[in-house]
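Below, each chain spelled out in residue letters.
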Amino acid sequence: MKLNLEVHELFPTPLWALDVPPPDAARLNAVLMGEIDKIIEPRPKVSGGSNWQTPQDLHKRPAFAEFAKLVEIAAGSVAQSLQVEQYPMMITGCWANINPTGSYHPTHNHPNNYLSGVYYVAVPNVGSHLVLQDPRPGIMMPGTKLGRLTANVAVVEVRAGRMVFFPSWLRHSVPANEGASDRISIAFNLMFTNFAETIAAPTWKASAGVSEDL
Ligand SMILES: [Fe+2]
């Protein structure tokens, strides 16, 4: 008897990648690099493996208005794919990272937000990646070969002009920059503007009456 095997892939985790067309990205990135340099020059000394970061209010600065608008438009598409586009979202923080050779970001997530993301302004020509950790506690399944259904991390290749979004709870890290030039990115977080007023209410209704199962 031949048995038919079906594989049901349960609980997928979304990640969204949006690419700005190369000519537009080249113009935008030149402008962004100039503005980031203005904020961070003269660059303070950092220890090996560390990076330079700007303050987290770039989205409020006129020089980054075009970029903030781009993030909002992209976030609108992401919200649509999650069917939450009817609830306004706002950028809660936006900052630039300059990662020199050898610099990395250890694993972390972005609490108190719904969506997080990063846009790449400049990426060295040796591979640059964003590493996402599998959030499921049972992922430590024994196996002999890592594959799509057994790996406990996912790696996304990044390039200048690419914007990546992911759920803010998803833990991620950035491996050391092995290139000879700086890796420059702008990270951001978004949250629902009126979370408690619009979508925090229970999605279920309790039945009326006295319950003894407290
Ligand atoms: Fe992050």
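You'll find the structure just up there.
About the cut-offs
Residues numbered from 1 in each chain as written. Predicted model: local features only at pLDDT ≥ 70, side-chain atom pairs only at ≥ 80, totals over all residues. Heavy atoms only, no water. Pairing = 2+ DSSP bridges. Helix = DSSP H or I, 4+ residues; strand = E, 2+ residues; numbered from the N terminus. Axes fitted to C-alpha atoms, helices over the stretch in contact; angles between N-to-C directions. Donors = N, O, S within 2.8 Å, 3.2 Å for Na, K, Ca; no water. Buried < 20%, exposed > 50% of the residue type's maximum accessible area, 1.4 Å probe, protein only. Core = buried A, V, L, I, M, F, W, Y, C linked by side-chain atoms within 4.5 Å. Phe/Tyr/Trp six-rings, centres within 6.5 Å; stacked < 30°, edge-to-face > 60°. Lys NZ or Arg CZ within 6 Å of the ring centre and 35° of its normal. Contact = heavy atoms within 4.5 Å. Salt bridge = Lys/Arg side-chain N within 4 Å of Asp/Glu carboxyl O.

## Comments concerning the sheet that holds strand β7 (residues 153-157)
- Taken together, 4 strands build an open sheet; the order of strands is β4-β9-β6-β7 and the sheet is antiparallel. In this open sheet, the two edge strands, each paired with only one partner strand, are β4 (105-108) and β7. Each strand axis lies, on average, 15° off the axis of its neighbour in the sheet, ignoring direction.
- With 2 bridges joining them, β4 and strand β9 (residues 172-174) adopt antiparallel strand pairing. Each residue of the ladder has a partner; that of His105, found in β9, is Val174.

## Quick look at the coordination of the iron ion
- Surrounding the iron ion are the protein donor atoms His108 (NE2), His110 (NE2) and His172 (NE2), at 2.1 to 2.2 Å.
- When the donors of the iron ion are listed by position in the chain, the intervening gaps give H-x1-H-x61-H.
- A relative accessible area of 24% places His108 in the partly exposed class.

## Points about the nonpolar core
- Of all hydrophobic cores here, the largest spans 35 residues; its most connected members are Phe67, Tyr119, Phe165, Ile186, Phe188 and Leu190.
- Elements with a contribution of two residues or more to this core: α1 (22-40), α2 (65-81), β3 (89-99), β5 (115-122), β8 (162-167) and β10 (183-192).

## A short note on the packing of aromatic side chains
- Throughout the structure, instances matching the rule amount to 6 aromatic pairs.
- Geometrically, the ring pair formed by Tyr114 and Phe192 is tilted, given 4.5 Å between the ring centres and 45° between the ring planes. In this pair, Tyr114 sits in the loop between β4 and β5 while Phe192 sits in strand β10, placing the two residues 78 residues apart along the sequence.
- The class for Tyr114 is partly exposed, based on a relative accessible area of 27%.
- What links up through ring pairs into an aromatic cluster is the set Phe67, Tyr119, Phe165 and Phe188.
- Across the ring face of Trp52, the terminal group of Arg43 is positioned such that the distance to the ring centre comes to 5.1 Å.

## Quick notes on the sheet that holds strand β2 (residues 52-53)
- Strand order in this open sheet of 6 strands is β1-β8-β5-β10-β3-β2, and the pairing throughout is antiparallel. Of all strands in the sheet, those with a lone pairing partner are β1 (16-19) and β2, marking the two edges.
- Pairing analysis gives 10 bridges linking β3 to β10, with the strands arranged antiparallel. Note that in β10 the partner of Ala96 across the bridge is Ile186.
- Running at roughly 95° to β5, α1 makes contact with β2, β3, β5 and β10 of the sheet.
- Those strands touched by α2 are β1, β3, β5, β8 and β10, and its axis lies near 50° from that of β8.

## Some details on the pattern of salt bridges
- If you walk through the whole model with that rule in mind, you get 10 salt bridges.
- The residue Arg148 makes a salt bridge to Glu9 at a minimum N-O spacing of 2.9 Å. Taken as a pair, Arg148 in the loop between β6 (129-133) and β7 and Glu9 in the segment before β1 lie far apart in primary sequence, 139 residues in all.
- On the basis of relative accessibility, which here comes to 47%, the residue Glu9 falls in the partly exposed class.
- Of the charged contacts in the structure, one is a salt bridge between Glu41 and Arg43, with a shortest N-O distance of 3.2 Å.
- On the basis of relative accessible area, Glu41 is assigned to the partly exposed category, the value being 43%.
- On the basis of relative accessible area, Arg43 is assigned to the partly exposed category, the value being 26%.
- Via salt bridges that share partners, Asp37, Glu41, Arg43 and Asp182 belong to a single interconnected network.

## What to know about the environment of Val121
- Turning to its location among the elements, Val121 is positioned in strand β5.
- The exposure class assigned to Val121 is buried, which follows from its relative accessible area of 3%.
- C-alpha of Val121 to C-alpha of Asn4: the two residues are 117 residues apart in sequence and 48 Å apart in space.

It is worth stressing that arrangement in space is one thing and function is another; only the former is reported here.
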